Amino acid sequence: MPRGTAERDPAVATNHPIADEVKFTTCYMCACRCGIKVHLKDGGIRYIEGNQNHPVNHGVLCAKGSAGIMQHSSPARLRKPLKRVGERGRGEFREIEWEEALGTAADWLGAIRARDPKQLAFFTGRAQSQALTGWGAQHFGTPNYAAHGGFCSVNMAAAGLYTIGGSFWEFGEPDWERTKYFLLFGVAEDHDSNPIKIGLGKLKGRGAKVVSINPIRTGYSAIADEWIGIRPGTDGLLVLSLIHELLRAGKIDADYLVRYTNAPWLVIDDEGAADHGLCARGTGGQPLIWDRRRERVVSGNDPEALPTLRGPRTLSDGRRAVPAFELLARRCLEPRYAPDAVAAETGISATTIKRLAAELAHVAFEEAIVLDQPWTDCHGRHHARMIGRPVAMHAMRGISAHANGFHTCRALHLLQMLLGAVDTPGSFRYEPPFPRLIPPSGKPAGPVGPNTPLLGPPLGFPQGPEDLLIDEAGKAMRIDKAFSWEAPLAAHGLLHLVIANACKGDPYPIDTLFLYMANMSWNSAMNTARTMRMLCERDAATTDYRIPRIIYSDAFYSEMVAYSDLVLPDTTYLERYDCISLLDRPISDADAAADAIRRPVVKPDRDVRPFQDVLIDLGARLKLPGFVTADGSPKYPGLYPDYIVNHERKPGIGPLAGWRGANGGQAGAGAVNPSQLERYIENQCFWRGEIPPEGRYYKFANRTYLEWSQAMGFRDHAEPVVLQLYSEVLQKFRLAARGHGRVQPPAMHRDRVAKYFDPLPYWYAPFESESAGYPLHAITQRPMAMYHSWGSQNAWLRQIHGENLLHIHRGRAEELGIADGDWVTVTSPHGRINVRAKLMDGVNRDTLWTWNAIGKRAGAWNLAPSAHETTRGFLLNHLISELLPAREGGYRYANADPVTGQAAWYDLRVKIEKAPAPPARAEPVFAALEAPPLAARPSVLRYGAKFRPPRPRA
Ligand code: SF4
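Thresholds, definitions, all that
- Residues numbered from 1 in each chain as written.
- Predicted model: local features only at pLDDT ≥ 70, side-chain atom pairs only at ≥ 80, totals over all residues.
- Heavy atoms only, no water.
- Helix = DSSP H or I, 4+ residues; strand = E, 2+ residues; numbered from the N terminus.
- Rg over C-alpha atoms; globule rule 2.2 N^0.38 Å.
- Buried < 20%, exposed > 50% of the residue type's maximum accessible area, 1.4 Å probe, protein only.
- Contact = heavy atoms within 4.5 Å.
- Areas by Shrake-Rupley, 256 points an atom, 1.4 Å probe, with all protein chains shown as cover.
- Lys, Arg positive; Asp, Glu negative; His and termini not counted.
- Charge placed at Lys NZ, Arg CZ, Asp CG, Glu CD.
- Axes fitted to C-alpha atoms, helices over the stretch in contact; angles between N-to-C directions.
- Parallel < 35°, antiparallel > 145°, perpendicular 65-115°, else oblique.
- Left-handed = near helix turned anticlockwise from the far one by under 90°.
- Nonpolar A, V, L, I, M, F, W, Y, C, P; charged D, E, K, R; others polar.
- Near = heavy atom within 4 Å.
- Expected span 1.5 Å × (residues − 1).
- 1 Å grid on protein atoms, 1.4 Å probe; cavity = no way out; pocket = protein on both sides within 12 Å on 5 of 7 lines; lining within 4 Å.
- Points joined across faces, edges and corners; volume = space filled by probe spheres on them.
- Pairing = 2+ DSSP bridges.
- Polar contact = N/O pair within 3.5 Å; in protein donor to acceptor, adjacent residues only side chain to side chain.

### Observations regarding the overall build of the protein chain
And step 1. Counting secondary structure elements, the protein chain contains 25 helices and 34 strands.
And step 2. Compactness check: the protein chain gives a C-alpha radius of gyration of 28 Å against a globular reference of 30 Å for 954 residues, within 12% of the reference.
And step 3. Overall, the C-alpha framework of the protein chain stretches about 90 × 80 × 70 Å when taken along its three principal axes.
And step 4. When burial is assessed residue by residue, the protein chain has 65% of its 954 residues classed as buried.
And step 5. Long-range contacts, defined as pairs at least 24 residues apart, comprise 70% of the intrachain contacts of the protein chain with a sequence gap of at least 6.
And step 6. For the protein chain, the accessible surface area stands at approximately 33100 Å², while carbon and sulfur atoms represent 50% of it.
And step 7. Of the side-chain charges in the protein chain, 112 are positive and 102 negative, and the distance between the mean point of each set is 2 Å.

Laid out in structure tokens, this is it:
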């Protein structure tokens, strides 16, 4: 029968209406926040479609997004609040009413707040309401708050914010329409997922070159024009070598550097002095530069100056100083960064490195883009055109999750700056509200006292040692030791250390650990088995748990639920309001500011409540300032939707920027609009406000952009942002470690701070490299069809990745006598797993890898005992330690970047051998968890059957 002429199944009624109603909302199957249209039929969700009008995805929907139906109907969904009845960690609960649950939580939290608010550690996982949760922690009075960023990509975020006032993903994007050369580093499939796919499509369609630098050729690397299988943890070495080559060849954009960066700022050269390495400044605090025309030192803010980038200078007081650029050039031209010197360590030949540098230079300078778009700079000078360097880059966790990640990420931004490829046509472009001032304003706030809010948000950006949260003895004030000498620039906190520190009582014991959406006893834990033990550990004297109380909120029966004393069941994302706010994690693009909401498209069929509602309810019960009115009644009786509309962070600035003002006529800043949510719903649940055309590039110095973003309420002043090639903030910490200033590190931390707080990027080997006898790297990749542990319980997505295998380079496996499908034993200094091997070619020879977060613990997620996720799936987490080996004196630092505290997941070193006897299942095996009452688990899934029209009678 010819194709297309098959007899149609009468049950497939192509003209049958598929939906009674379509509701717009925002996807939450990963972090990208695409717009979706949910088709509803007979009160159920028929199918989910991408919203063609949405600024994030333009109609594109990925496998995860369409599988939101199965997330919403998952048999793993919690059904009612739970109180633990058995031993912690077994999963034995009694169902309770909400009043009991909230009353219990309020009693526990109220007592802590009256005694010592910092005894509450409140941490969230991949939540999208950090503007609310952080504000809640601040008003409770605990500094012990953070979200998941410390174990995700804080190196990328912090290095970016301290260097260019922004970074990738939510901070900016490649100029997809004009880029000619795109350099992609590391795993990035889960951050900016659909936008990158759309962008890559545009690049490929135009014939732009895509180069992927990643130890593993999957995902985006698989469609790159060139894949470079770098050795994990050496990206910084490659980037510094590229800079070495560009400097050697003189292929840098000197005009860009002197106009927009601190390259010409004079840095005091007086070794041993208290101001050595600081920037020379005038009486008003302005940086000083050397003017070639006037042959003297002038203000760096003088637009008439002709700055020099080279040569030592003498200041008016006789001190010597050197332009920051010269220091950078000296550093990067060191022989250790020459391509020949780095080839062995990176696994990339010198020839390839030289060619990459030449290609970057060629595209940036020989294929420059000129836009006939006039613009005005911050000094009022008019420019007839915009000149662009069409080289763009993107990176996320792959280069970030290493102990050297901060300097690697900073090096990458320096490479962009040297090419003049930050916010110019064809390069990386900021998204509003970025760029921020450098360093960003807002310092972390420490504890104040009983029943007292913090003086500011718990997270922030230290500008020097005096901003650390430490006591007189230099001891950390936070339970995770963020903003202490161990992790001074820990802008996202250190979720990965909370349980270990709380269990040890270091720096102090806590009373309650309150987690939201953070699967800390399983795939979010480094050292999984030890974490499970610590959660159950008891004090020998009192026999109480060392972490006395654990409150947890999640929509699903994840592994963490079993370790909780009180469980507050959340809704799915299709059953609640949410706010994707410019105060939080924006969805702007390079041409516009944007935000969005989620709205309930169906009602919950269980006794569950949105966590945001619960938090606001608890805040009112605790009578936290901000949550109650002057007479003590709830300020937001309508809970989260009420808060979204009526909360003001400062006058005129609220969670949503669209349709502000009494009648909805204002954008950005404006009075509360009682109809704001209705206006969002009318507009398909998003708002987008465009930047004027003349303000769309050079945003750090573009008067139109700076004034527009001030008018929108994104910044207090329209002052320019100077990109920081040389970091004076880092030098301040280094000086403290060398004995200068009022706040200095204790003796035990001095050498470490002095070493890693280098004002210029450099490369050092990740700390785990010191593990002798473990020759291979082991890392994870994010499957494009999964997001954390959410996806690996989803009935449809499980059919794509039902299990994970350990991938090994074919040649390496043959050397080790390992064949496809063999069981292998993988051993690290901290643990051992037995898993099945899969051979492949597209992987660095020294690297093993697997998909992230597929393995599940038996009993969790309402999966069948025979589910492949539990019998064959596994985690590399069992092999990773949250602490480094003991140093001299026995102290153990975090397995993290010493600057930001970012968890160094990707530094793992292992050895591998064929398992002597194939085990029956992947190991280690943990006892199966009991489960609270959950929905019946269908043995055969027939979700669509209920929507089928009746079959016509024969
Ligand atoms: S990329 Fe993420 S937010 Fe977008 S449709 Fe896929 S899962 Fe949803």
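Let us keep going from here.
### Some words on the environment of C279
And step 1. Mapped onto the elements, C279 comes out in the loop between strand 12 (266–268) and strand 13 (288–291).
And step 2. Classification of C279 as buried rests on a relative accessible area of 6%.
And step 3. Taking the C-alpha atoms as reference, C279 lies 58 Å from Q799; in sequence the two are 520 residues apart.
And step 4. Contact partners of C279, with chain neighbours within four places excluded, come to W265, L266, V267, I268, Y726 and E728.

### Things to note about unusual backbone geometry
And step 1. Omega for the bond connecting P432 with P433 falls within 30 degrees of zero, at 10 degrees, which places this linkage in the cis form.
And step 2. Within the secondary structure layout, P433 lies in the loop between strand 22 (428–430) and helix 15 (495–504).
And step 3. Of note, the amide linkage connecting I438 to P439 takes the cis form, showing an omega dihedral of -10 degrees.
And step 4. Among the structural elements, P439 can be located in the loop between strand 22 and helix 15.
And step 5. In this model, D423 sits at a positive phi of 55 degrees, which is unusual for a non-glycine residue.

### Thoughts on the packing of helix 8 (residues 235–249) against helix 10 (residues 324–332)
And step 1. Where helix 8 contacts helix 10, the axes come no closer than 9 Å and their chain directions differ by 110 degrees. Considering their axes alone, helix 8 and helix 10 lie roughly perpendicular with respect to each other. For the element pair helix 8 and helix 10, the recorded crossing hand is left-handed. Facing L240, I243, H244 and L247 of helix 8, the residues of helix 10 in contact are F325, A329 and C332.
And step 2. Split into classes, the residues belonging to the contact of helix 8 with helix 10 amount to six nonpolar, one polar and no charged.

### A word on the site of the ligand
And step 1. Surveying the vicinity of the ligand reveals the residues C27, M29, C30, C32, R33, C34, L61, C62, K64, G65, S193 and N194.
And step 2. Within the shell around the ligand, the residues separate by chemical class into seven nonpolar, three polar and two charged.

### Digging into helix 3 (residues 98–115)
And step 1. Across its 18 residues, helix 3 extends 26 Å between first and last C-alpha, which sits within 8% of the 26 Å expected from 1.5 Å per residue.
And step 2. Within helix 3, the full set of buried residues consists of W98, A101, L102, G103, T104, A105, A106, W108, L109, I112 and R113.

### Considering the layout of surface pockets
And step 1. The calculated volume of the second largest pocket comes to roughly 1100 Å³.
And step 2. As for the second largest pocket, its lining consists of 45 residues, and the residues nearest its centre are T261, W265, G300, N301 and V722.
And step 3. For the lining of the second largest pocket, the elements supplying multiple residues, two or more each, are helix 9 (254–260) and helix 21 (728–737).
And step 4. Per-element accounting of the lining of the second largest pocket gives the leading share, five residues, to helix 9.
And step 5. Of the residues assigned to the lining of the second largest pocket, the class counts are 23 nonpolar, 10 polar and 12 charged.

### A closer look at the sheet that holds strand 2 (residues 35–41)
And step 1. The strand order 1-2-3 describes an open sheet built from three strands, whose pairing is antiparallel. Of all the strands in the sheet, just strand 1 (21–26) and strand 3 (44–50) have a single pairing partner and so form its edges. Here the average twist between neighbouring strands, direction ignored, is 30 degrees.
And step 2. In this sheet, strand 2 lies alongside strand 1 in antiparallel orientation, the contact comprising six bridges. Across the sheet, the residue bridging to V22 is H39, located in strand 2.

### Concerning the side chain of H383
And step 1. Note that H383 resides in strand 19 (residues 382–383).
And step 2. A polar atom in the side chain of H383 sits 2.9 Å from the side chain of D377.
And step 3. Those residues within four positions of H383 in sequence are excluded, and the remaining contacts are R259, Q373, P374, W375 and D377.

### Digging into the pairing of strand 25 (residues 566–569)
And step 1. Every second residue of strand 25 is oriented toward a common face, with L566 and L568 on one face and V567 and P569 on the other, all of them buried.
And step 2. Relative to strand 25, strand 4 (residues 82–84) runs antiparallel, the two being bridged by two bridges. Across the sheet, the residue bridging to L82 is V567, located in strand 25.

### Considerations on the pairing of strand 27 (residues 592–598)
And step 1. Burial runs high along strand 27: seven of the seven residues are buried.
And step 2. Of the two faces of strand 27, the one lined by A592, A594, A596 and R598 and the one lined by A593, D595 and I597 are each fully buried.
And step 3. In this sheet, strand 27 lies alongside strand 26 (residues 578–580) in antiparallel orientation, the contact comprising three bridges. Following the sheet pairing, D578 is matched in strand 27 by R598.
And step 4. As paired elements, strand 27 and strand 28 (residues 686–690) share five bridges and run antiparallel to each other. From the neighbouring strand, A596 faces strand 28, where its bridge partner is F686.

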